[in-house]
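Coordinate analysis (summary)
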Amino acid sequence: KKNAGHRTYGNSLEWLEESGLIIRCNNLHEPVMPLSERRILDFFKIYMADTGILMRLMKDVDPVTFVLRDPFTNYGAVMENAVAMALSIKGYAVSFYSKRDSTLEVDFVIGMAGKVVFIEVKSGRNKRSKSLNTLMNQYARDRIGLKVMESNVELDDNGVLHLPLYAPCFFDDN
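Residues numbered from 1 in each chain as written. Predicted model: local features only at pLDDT ≥ 70, side-chain atom pairs only at ≥ 80, totals over all residues. Heavy atoms only, no water.

1. Quick look at the pattern of salt bridges
Keep this limit in mind: For salt bridges, the criterion is a side-chain nitrogen of Lys or Arg within 4 Å of an Asp or Glu carboxyl oxygen. Under the scheme applied here, a residue whose accessible area is under 20% of the maximum for its type counts as buried, over 50% as exposed, and between as partly exposed, the area being computed with a 1.4 Å probe on protein chains only.
As enumerated under the stated definition, the model contains 4 salt bridges in all. In this structure, Glu 17 engages Arg 24 in a salt bridge whose closest nitrogen and oxygen atoms are separated by 3.2 Å. Assessed through its relative accessible area of 9%, Arg 24 is described here as buried. Through salt bridges with shared partners, a single network forms among Lys 45, Glu 80 and Glu 105.

2. Some thoughts on a nonpolar patch on the surface
Counted only if it meets this: Surface patches are drawn from residues lacking salt bridges whose relative accessible area is over 30%; two like charges belong together within 9 Å, two nonpolar side chains (Val, Leu, Ile, Met, Phe, Trp, Tyr) within 5 Å. To be clear on the numbers: accessible area is Shrake-Rupley with a 1.4 Å probe, and residue cover counts the displayed protein chains and nothing else. For the purposes of this entry, the term helix denotes a DSSP run of H or I that reaches at least four residues, the term strand denotes a run of E that reaches at least two, and both are numbered from the N terminus.
A cluster of nonpolar side chains, contributed by Val 64, Val 67 and Leu 68, occupies part of the molecular surface with about 320 Å² of accessible area. By the element assignment, Val 64 lies in helix H3 (residues 63-67). Val 64 sits in the partly exposed class, given a relative accessible area of 43%.

3. Description of the packing of aromatic side chains
Under the convention used in this document: Between 30 and 60 degrees the pair is tilted, below 30 it is stacked and above 60 it is edge-to-face, where a pair is any two Phe, Tyr or Trp rings, Trp via its six-membered ring, whose centres lie within 6.5 Å. Counting as a charge over the ring demands two things of the Lys NZ or Arg CZ atom: a distance within 6 Å of the ring centre and an angle within 35 degrees of the ring normal.
One pass over the structure, following the stated rule, counts 4 aromatic pairs. With centroids separated by 5.7 Å and ring planes inclined at 90°, the aromatic side chains of Phe 43 and Phe 96 adopt a geometry described as edge-to-face. Of this pair, Phe 43 sits in strand E2 (residues 39-48) while Phe 96 is found in strand E3 (residues 95-98), placing the two residues 53 residues apart along the sequence. Owing to a relative accessible area of 26%, Phe 43 belongs among the partly exposed residues under this scheme. Just above the ring of Phe 44 sits the side chain of Arg 24; from NZ or CZ to the centre is 5.5 Å. A cation over a ring is seen here: Lys 45 above Phe 96, with NZ or CZ 4.5 Å from the ring centre.

4. A word on the nonpolar core
Generally speaking, a soluble globular protein has its nonpolar side chains buried in company with each other. Rules: In this text, buried Ala, Val, Leu, Ile, Met, Phe, Trp, Tyr and Cys residues form a nonpolar core when linked through side-chain atoms within 4.5 Å. By the convention used here, residues are in contact when the closest approach between their heavy atoms is within 4.5 Å.
Formed by 19 residues in total, the largest nonpolar core has its most connected members in Leu 87, Val 94, Phe 108, Ile 110, Ile 119 and Phe 171. Those elements that provide at least two residues to this core are strand E1 (22-28), helix H4 (76-89), strand E4 (105-112), strand E5 (115-121) and strand E6 (143-148). Once you skip the residues sitting within four places of it in the chain, Ile 110 turns out to touch Leu 35, Leu 87, Tyr 92, Ala 93, Val 94, Lys 115, Val 116, Val 117 and Ile 119. Judged by nonpolar contacts, the second largest core, of 13 residues, contains Leu 35, Val 106, Val 109 and Phe 118.

5. Re helix H5 (residues 130-138)
So the rule is basically this: Here, the arc refers to the directions that run from the helix axis to the C-beta atoms.
Taken as a whole, H5 has its buried residues at Ser 131, Leu 132, Leu 135 and Met 136. For H5, the angular spread of buried residues about the axis comes to 135°, placing them on one side. Structural note: H5 exposes Lys 130 and Asn 137 on the side pointing more than 90 degrees away from its buried face. For H5, the elements touching its buried residues are E3, E4, E5, E6 and strand E8 (160-163).

Laid out in structure tokens, this is it:
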């Protein structure tokens, strides 16, 4: 349902979350610490806690296209889900930041070592991250910008650290 959130589906979502089937990713009022106090309960995304189950539920997609990296297949949802799963397993409470009436959105915001970490997941041909760069400039103190994608480790001119897709599996346990 459109505009149905926590009030409508709260109990069901809590049950799915507590059973370990989903990961709830709330939007933030503002991406500053402490993040837990900035969550908007009625504005969230849901990820599968197991990307393998997500792939199985995607009946119209052949998993071979992902393995062989078919250039016409959109990996975004699967890669974003895999990163959410890895962050959750490592103990991070995942959130995202999206500004209302704007296209500004970053996939994940987590707290790490007292700093706000903006994480953008890129899997397609478009590797630009305008929102990530904007947030890096707006919140210049105590923040880290990460772009997780098929790449080598590098630091770009905007101070964003590029990491390979598997990197979140090796973040320190929170």
